[in-house]
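# Descriptive structure summary
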Amino acid sequence: MNQTYLTLNNGAKIPQFGMGVFTVPEGEETKRACLMALKIGYRHIDTAHAYQNERSVGAAVRESGISREEIWITSKLWPSEYGEGKTMSGIEKMLERLDVGYIDLLLLHQQVGDYMGAWRDMEKAVAQGKVRSIGLSNFESERLEEVCEAAAIKPSALQVECHPYYQQNELKKRLAPYGTVIESWYPIGHGDQGLINEPIFTELAKKYGKTNVQIILRWHIQVGNVIFPKSTNPQHIKDNFNIFDFELSDEEMKKIAALDNGKRFYNATLEEQERNFSGWTPAD
Ligand SMILES: NC(=O)c1ccc[n+]([C@@H]2O[C@H](COP(=O)([O-])OP(=O)(O)OC[C@H]3O[C@@H](n4cnc5c(N)ncnc54)[C@H](OP(=O)(O)O)[C@@H]3O)[C@@H](O)[C@H]2O)c1
């Protein structure tokens, strides 16, 4: 079975599975993990200005020898670069850091600051061919509808915390009018052992000859989420991709749906997000 792609609301085809590099240090570690993933068959990498490792992601993509058009690169703008005019220069700097020609998907990382001005610049960047698709990250307040309603280009993706304990079914209903897909961050709960060791995953792992993590990742694929689990462990990088040769039944999907209990690992209020994300500027 081959890896799967989703068609976004602008017609672009995004690989549904990729690798996230949050917390992976710039330099050899990021480059090595990305190169290993690309060699195995990954075609999607999720980074951000705030992760401070875009240069290493770009270096891995260039060194991989894989054609640029085959690889999907997502990055995210930090609020310090939001604002009409300012965001365009933030995008130019991001293109220099990545050095991969264009950005497949550019997201606003946080729902604070002048996100409306930033969105207008992102739309211009699409028209100029610098960016192919645009979307949001962490917009779960009414600011989501504020952007979606005003946007000339509706967000193609919304990246939020999403895993079997917090399945985001209400948010999916809010996104339906715009055709926006959910990208799950913390797809395996940031490695939370309580989540990974839920008995239903152990039972299904035994049945399919897979690991508990592979069962969780497969569930995401079947509910239509885009995922990019983070790993720097070679065995995990390999295992995480090995989820396209089996299928969970409807009944098994229902049992996993029943784990949805509202538990989030990140719980900041909008006011806390305003405070936490407005005062920091990532290095260029
Ligand atoms: N937009 C946002 O605000 C936001 C926020 C958070 C994350 N993200 C994105 O989402 C990506 C994923 O989130 P995340 O990295 O925080 O959490 P995650 O992917 O849910 O979990 C990563 C953790 O799980 C471990 N792991 C990975 N594969 C495993 C396996 N097969 N078996 C056991 N453990 C495994 C990793 O350790 P090893 O390295 O040792 O394998 C790491 O400790 C990020 O890298 C980033 O791209 C976005």
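Summary of the structure given here. (Residues numbered from 1 in each chain as written. Predicted model: local features only at pLDDT ≥ 70, side-chain atom pairs only at ≥ 80, totals over all residues.)

### Re the packing of helix α4 (residues 115–127) against helix α5 (residues 143–150)
As a reminder, the rule being used: Every axis in this analysis is a line fitted to C-alpha atoms, fitted for helices over the stretch in contact. Angles between the N-to-C directions lie between 0 and 180 degrees. For the purposes of this entry, the term helix denotes a DSSP run of H or I that reaches at least four residues, the term strand denotes a run of E that reaches at least two, and both are numbered from the N terminus. Rotating anticlockwise by less than a right angle from the far helix to the near helix defines a left-handed crossing, while the corresponding clockwise rotation defines a right-handed one. What counts as a contact here is a pair of residues whose C-beta atoms, placed from the backbone, lie within 7 Å.
Following both chains from N to C, one finds α4 and α5 inclined at 35°, their axes separated by 11 Å at the closest point. Read as a crossing pair, α4 and α5 show a hand that is right-handed. On α5, the residues that touch Tyr115, Met116 and Trp119 of α4 are Arg143, Val147 and Ala150.

### Side note on the nonpolar core
The condition is simple: Each nonpolar core comprises buried Ala, Val, Leu, Ile, Met, Phe, Trp, Tyr and Cys residues, the members being joined through C-beta atoms within 7 Å. A residue is called partly exposed when the number of other C-beta atoms within 10 Å of its own lies between 12 and 20, exposed at 12 or fewer, and buried at 20 or more, with C-beta atoms placed from the backbone.
Among the nonpolar cores identified, the biggest contains 69 residues, and Met19, Val21, Cys34, Val57, Ile73, Leu106 and Leu108 are the most heavily contacted of them. Sequence-distant contacts of Met19, that is, excluding residues within four places in its chain, are made with Ala33, Cys34, Ala37, Tyr42, Ile45, Phe228 and Lys230.

### Some points on helix α1 (residues 28–40)
Defined as follows: By definition here, a helix of n residues has an expected span of 1.5 Å times n minus one. Relevant arc is that of directions from the helix axis to the C-beta atoms, nothing else.
When the terminal C-alpha atoms of α1 are compared, their 18 Å separation across 13 residues agrees well with the 18 Å that a helix rising 1.5 Å per residue should span. Restricting attention to buried positions, one finds in α1 the residues Thr30, Lys31, Ala33, Cys34, Ala37 and Leu38. The buried residues of α1 occupy an angular sector of 165° when the element is viewed end-on, so they sit on one face. For α1, the elements touching its buried residues are β3 (19–20), β4 (44–46), α2 (54–64) and α10 (234–241). Following α1 by one or two positions, Gly41 has its phi on the positive side, about 135°.

### Things to note about the pairing of strand β6 (residues 103–108)
When a strand is regular, its side chains alternate between the sheet's two faces. Here is the rule: For two strands to be treated as a pair, DSSP must find no fewer than two bridges joining them. The path from the first strand over the helix to the second decides the hand: if it runs clockwise while the strands point away from the viewer, the crossover is right-handed.
Counting buried positions over the six residues of β6 gives six, a clear majority of the element. Here strand β5 (residues 72–77) pairs with β6 via four bridges, running parallel. The partner of Leu77 across the bridge, within β6, is Leu108. As paired elements, β6 and strand β7 (residues 131–137) share five bridges and run parallel to each other. By the bridge assignment for β7, Leu105 is matched with Ser133. Remark: the β6/α4/β7 crossover connection has right-handed handedness.

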